[in-house]
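# Inside the fold
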Amino acid sequence: MRKLLKLLLFISLILCFSFNILLADTNKYVDEKLGFSIVPPEGWEVKDGKPYNLAVMFVGPADEGFMPNFNINVVNLPGEVTEINEDLISEIKVQLEAVGEYYGSLEFISEGVRDVSKYKGYEIVYTLNVDESLSLEQKQVYIIYEGRFYIFTFTSLKDNFEKYLPAFEKSLSTFEIL
């Protein structure tokens, strides 16, 4: 019995040590005011999003003159908006099309329901053609939880989108509402 207790204690210590190493290697971003945390893409710079009316921005390395980036916006919703439905998606798409017209043109690539960590969400992927020499691809992911609308936007040059998408997806999978 004593050997079994020692073995269990040893296993517990190893598990705790391993867990602490995993936590030490992450630079979790925590926004207590907005009530969320996320681990930014590895090696990406964390920037204050407030000047841009965002919660936070994560900026990747310059590649072909453009820095891929990922930002989070959190908006308090009116009480009648409690879920992502067809009306909300239609409104989002109208707003995106207006932005596309302002900057050049916009082409929707895909959209659909998806999970973000343990939350139900929705995503829209589109290309924003600013001019003949600049095409950006963006993925926006949306979650509604307890009266808040979480908007995650990943932006990259169209040609580099697939290169940086895994870093965005890995980071997004760490999102937690506190």
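Worth saying up front: this structure is predicted, and the values here are computed from it rather than measured.

A separate point is the overall build of the protein chain. Within the protein chain, the regular secondary structure consists of three helices and 10 strands. In sequence order, the secondary structure elements of the protein chain are arranged as α-β-β-β-β-β-α-β-β-β-β-α-β. Long-range pairs, those at least 24 residues apart, make up 47% of the contacts in the protein chain with a sequence separation of at least 6. Carbon and sulfur atoms make up 56% of the accessible area of the protein chain, which totals about 11200 Å².

Taken as a whole and assessed by the stated rule, the structure comprises 10 salt bridges. Ionic pairing is found between Glu 111 and Lys 93, a salt bridge with its closest N-O pair at 2.5 Å. Linking Glu 111 in strand S6 (residues 105–116) with Lys 93 in helix H2 (residues 86–103), this pair joins segments that are 18 residues apart in sequence. On the basis of relative accessibility, which here comes to 34%, the residue Glu 111 falls in the partly exposed class. Residue class for Lys 93 comes out partly exposed when judged on its relative accessible area of 22%. Glu 123 is the salt-bridge partner of Arg 114, the closest N and O atoms lying 2.8 Å from each other. Taken together, the shared-partner salt bridges in this structure form one network comprising Arg 114, Glu 123, Lys 139 and Glu 169.

What follows covers the side chain of Ser 37. By secondary structure assignment, the location of Ser 37 is in strand S2 (residues 36–38). Ser 37 sits in the buried class, given a relative accessible area of 1%. Those residues in contact with Ser 37 that lie beyond four places of it in its chain are Lys 28, Tyr 29, Val 30, Thr 174, Phe 175, Glu 176 and Leu 178.

Once that is clear, we can look at unusual backbone geometry. Phi at Glu 64 takes a positive value of approximately 60°, unusual for a residue other than glycine. Checked against the element boundaries, Glu 64 lands in the loop between strand S4 (56–59) and strand S5 (69–76). The backbone phi angle of Ser 117 is positive, close to 55°, even though this residue is not glycine. Looking at where Ser 117 falls in the secondary structure, it is placed in the loop between S6 and strand S7 (119–131).

Counting residues in hydrophobic clusters, the biggest one holds 26 residues, and the most contacted among them are Phe 36, Ile 72, Phe 152 and Phe 175. Secondary structure elements with two or more residues in this core: S2, S4, S5, S7, strand S8 (134–145), strand S9 (148–157) and helix H3 (161–172). Per-element accounting of this core gives the leading share, five residues, to H3. If we ignore the near neighbours within four places in the chain, the residues touching Phe 152 are Phe 70, Asn 71, Ile 72, Lys 139, Gln 140, Val 141, Ile 143, Phe 168, Leu 172 and Phe 175.

In an α-helix, one turn spans 3.6 residues; hence positions three or four apart end up facing the same way. Compared with the 26 Å implied by 1.5 Å per residue over 18 residues, the 26 Å span of H2 between its first and last C-alpha is a close match. Buried within H2 we find Leu 88, Ile 89, Ile 92, Leu 96 and Gly 100. Buried positions in H2, seen along its axis, are confined to an arc of 115° and lie on one side of it. The exposed residues of H2 that point more than 90 degrees off its buried face are Glu 86, Asp 87, Glu 101 and Tyr 102. Close packing links the buried residues of H2 with S6, S7, S8 and S9.

Attention now goes to the sheet that holds strand S1 (residues 29–31). Taken in spatial order, the three strands of this open sheet run S1-S2-S10, and their pairing is antiparallel. The strands lining the two open edges of the sheet, one partner per strand, are S1 and strand S10 (176–177). Both S1 and S2 contribute to a ladder of three bridges, which runs antiparallel. Residue pairing across strands places Val 30 opposite Ser 37, the latter belonging to S2.

Reading guide: rules and limits
- Residues numbered from 1 in each chain as written.
- Predicted model: local features only at pLDDT ≥ 70, side-chain atom pairs only at ≥ 80, totals over all residues.
- Heavy atoms only, no water.
- Helix = DSSP H or I, 4+ residues; strand = E, 2+ residues; numbered from the N terminus.
- Contact = heavy atoms within 4.5 Å.
- Areas by Shrake-Rupley, 256 points an atom, 1.4 Å probe, with all protein chains shown as cover.
- Salt bridge = Lys/Arg side-chain N within 4 Å of Asp/Glu carboxyl O.
- Buried < 20%, exposed > 50% of the residue type's maximum accessible area, 1.4 Å probe, protein only.
- Core = buried A, V, L, I, M, F, W, Y, C linked by side-chain atoms within 4.5 Å.
- Expected span 1.5 Å × (residues − 1).
- Arc of directions from axis to C-beta.
- Pairing = 2+ DSSP bridges.

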